[in-house]
Amino acid sequence: MEWLNTFHRHAANEEEVDLINLNRDYDIEVCERIARRHGMTFRIDPEHQTAFLRKQDAAPS
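Keep in mind that this is a model prediction, so the values were computed, not measured.

J.: Before we go on, may I ask you to explain unusual backbone geometry in this structure?
T.: The bulk of non-glycine residues show a negative phi, and the bulk of peptide bonds are trans. For Glu 14, which is not glycine, the phi dihedral falls at a positive 55 degrees. Here Glu 14 lies in the loop between α1 (2–12) and β1 (17–20). The residue Gln 49 is not glycine, and still its phi comes out positive at about 50 degrees. Relative to the elements of secondary structure, Gln 49 occurs in the loop between β2 (40–45) and β3 (50–55).

See below:
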């Protein structure tokens, strides 16, 4: 699962990444936990089988 190590490295470094052809049955839950652990958001676009790891927006001052 080399892709998972790559995803985890992106999350740990707070780097945004798009994931294509995600296995929705397994991968999504794991990716959501990793993203949350690193203060990032993870959302999916099921229509295009793509997911997005993004930095959380800073809270307004």
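J.: What exactly am I supposed to notice about the packing of aromatic side chains here?
T.: Following the criterion strictly, the structure yields one aromatic pair and no others. Consider the rings of Phe 7 and Phe 42, whose centres lie 5.8 Å apart with planes at 85 degrees: the pair is edge-to-face. Residue Phe 7 is located in helix α1, and its partner Phe 42 is located in strand β2; the two are separated by 35 residues in the primary sequence. By the burial criterion, Phe 7 is buried, and Phe 42 matches it.

J.: What is the right way to look at helix α2 (residues 27–37) in this model?
T.: Since one α-helical turn is 3.6 residues long, residues separated by three or four positions face the same way. Of the residues making up α2, those classed as buried are Asp 27, Ile 28, Val 30, Cys 31, Ile 34 and Ala 35. All buried residues of α2 fall inside an arc of 160 degrees around its axis, so they share one side. Along α2, the residues that are exposed and aim more than 90 degrees away from the buried face are Glu 29, Arg 36 and Arg 37. Here the buried face of α2 lies against α1, β1, β2 and β3. A positive backbone phi angle near 70 degrees is found at Gly 39, which sits one or two residues after α2.

Criteria and thresholds
Residues numbered from 1 in each chain as written. Predicted model: local features only at pLDDT ≥ 70, side-chain atom pairs only at ≥ 80, totals over all residues. Heavy atoms only, no water. Helix = DSSP H or I, 4+ residues; strand = E, 2+ residues; numbered from the N terminus. Phe/Tyr/Trp six-rings, centres within 6.5 Å; stacked < 30°, edge-to-face > 60°. Buried < 20%, exposed > 50% of the residue type's maximum accessible area, 1.4 Å probe, protein only. Arc of directions from axis to C-beta. Contact = heavy atoms within 4.5 Å.

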